[in-house]
Each structure stands twice: as C-alpha cells, then as structure tokens.
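Results of the structural survey
So the chains spell out like this:
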Amino acid sequence: QVQLVESGGGPVQTGGSLRLSCAASGRPFSTYNMGWFRQAPGKEREFVGGITSRGGTTDYADSVKGRFTISRDNAKNTVYLQMNSLKPEDTAVYYCAAGFVVASTPAAYSYWGQGTQVTVSS
C-alpha cells in the first residue's frame, strides 16, 4: 500500500506556470507507475498524463501535450507535474495516482491522493 499527498496547487494567471508535487510513502515508490488526473466541477475525472515506474516512458493527454511535463525522483519518492502555458480550461482539482500500468482510465490505479486545486484566471 502507498499513501499519496499532492501539493503545489493554487491560483495562477493565464500563461503562467505551476509545478505540482506528489509525495509517496509506504510500499517502495519505484514499483509503481504514476498517473496525474484532474477533475473540474461537473465533469468526470480525466487523464492528464502518466509515467512508468523508472521514469523511462511518459504519456500525455492531447489537451496538455507540449505544455505539461511529468517527471519523478524515486530517491525522493516524489512525482512532479510541471504545467506551463496554463489556460482557464486547466482549472480543476489535480490528483496523482499509483498503479501497475500507465493508463488513461482511473480504474487502472489503485491508490489516490486527496487532490490539489489549480485555478487559472483569465
């Protein structure tokens, strides 16, 4: 089992940047593939991107490709989501998740953080 805690969210203006962090504790972090999801009010949780357990492969939703970057530091048990060129439509609660595959469906992930709010103002 692994516990996940996100941080780094907050308000930002259009075009700005934020870096989210997700700190893990419990079972060895390096055994998990990690995903980032987001959920806006009234909408379903959607895949943002994912990274394999050793960081060799990443995958992104088309809506964030070229603007967001996922990385991880297994020595620090942390995964990051660097978000650049933010748009109002990126406003959502952002969640990290741990699982044994990198997939775009939330059901593929076993553990979730509590989420961190990102609000992009125009």
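The following refers to the structure shown. Remember, predicted model here, so these are calculated numbers, not experimental data.

Some points on the overall build of the protein
Secondary structure summary: the protein contains 0 helices and 11 strands in total. The order of helices and strands in the protein, counted from the N terminus, is β-β-β-β-β-β-β-β-β-β-β. Projected onto its principal axes, the C-alpha positions of the protein cover 40 × 25 × 25 Å. Residues counted as buried form 44% of the 122 residues belonging to the protein.

Regarding the packing of aromatic side chains
Under the counting rule described, the total for this entry stands at 7 aromatic pairs. Centre to centre, the rings of Phe37 and Tyr109 are 5.2 Å apart; their planes meet at 80 degrees, and the pair counts as edge-to-face. Pair noted here: Phe37 is in strand β4 (residues 33-39) and Tyr109 is in strand β10 (residues 109-112), with a separation of 72 residues, a long-range link. In terms of burial, Phe37 and Tyr109 fall into one category: buried.

A word on the sheet that holds strand β8 (residues 78-83)
One open sheet accounts for 4 strands, arranged β1-β3-β8-β7; its pairing is antiparallel. Of all strands in the sheet, those bounded by a partner on one side alone are β1 (2-7) and β7 (68-73). Shown here is a sheet whose adjacent strand axes are inclined to one another by a mean of 15 degrees, direction ignored. Where β7 and β8 come together, 6 bridges link them in antiparallel fashion. Looking at β8, one finds that Ser71 is bridged to Tyr80.

Comments concerning the environment of Phe37
By relative accessible area, which is 0% here, Phe37 ends up buried. Expressed as a C-alpha distance, the spacing of Phe37 and Asp62, which sit 25 residues apart in the sequence, is 13 Å.

Comments concerning the side chain of Ser21
Counting through the fold element by element, Ser21 comes out in strand β3 (residues 18-26). Beyond its immediate stretch of four places on either side in the chain, Ser21 contacts Val5, Glu6, Ser7, Trp36, Thr78, Val79 and Tyr80.

Let's talk about the pairing of strand β9 (residues 92-99)
For a regular strand, side chains alternate in direction, first toward one face of the sheet and then toward the other. A large share of β9 lies buried, amounting to 7 of its 8 residues. Pairing of β4 with β9 involves 7 bridges; the strand directions are antiparallel. Among the inter-strand pairings, Arg38 is bridged to a residue of β9, identified as Tyr94. Pairing geometry for β9 and strand β11 (residues 116-121), over 3 bridges, is antiparallel.

Some thoughts on the nonpolar core
Grouped together as the largest cluster of nonpolar side chains are 29 residues, with contacts concentrated most on Met34, Trp36, Leu81, Met83 and Tyr94. Secondary-structure elements contributing two or more residues to this core are β1, β3, β4, β5 (46-51), β7, β8, β9 and β11. Setting aside residues up to four positions removed in sequence, Met83 forms contacts with Gly16, Ser17, Leu18, Leu20, Arg67, Phe68, Tyr94 and Val118.

Focus: the side chain of Thr78
One can find Thr78 in strand β8. Separated by 2.8 Å, the side chain of Thr78 and the backbone oxygen of Lys76 make a polar contact.

About the thresholds
- Residues numbered from 1 in each chain as written.
- Predicted model: local features only at pLDDT ≥ 70, side-chain atom pairs only at ≥ 80, totals over all residues.
- Heavy atoms only, no water.
- Helix = DSSP H or I, 4+ residues; strand = E, 2+ residues; numbered from the N terminus.
- Buried < 20%, exposed > 50% of the residue type's maximum accessible area, 1.4 Å probe, protein only.
- Phe/Tyr/Trp six-rings, centres within 6.5 Å; stacked < 30°, edge-to-face > 60°.
- Pairing = 2+ DSSP bridges.
- Axes fitted to C-alpha atoms, helices over the stretch in contact; angles between N-to-C directions.
- Contact = heavy atoms within 4.5 Å.
- Core = buried A, V, L, I, M, F, W, Y, C linked by side-chain atoms within 4.5 Å.
- Polar contact = N/O pair within 3.5 Å; in protein donor to acceptor, adjacent residues only side chain to side chain.

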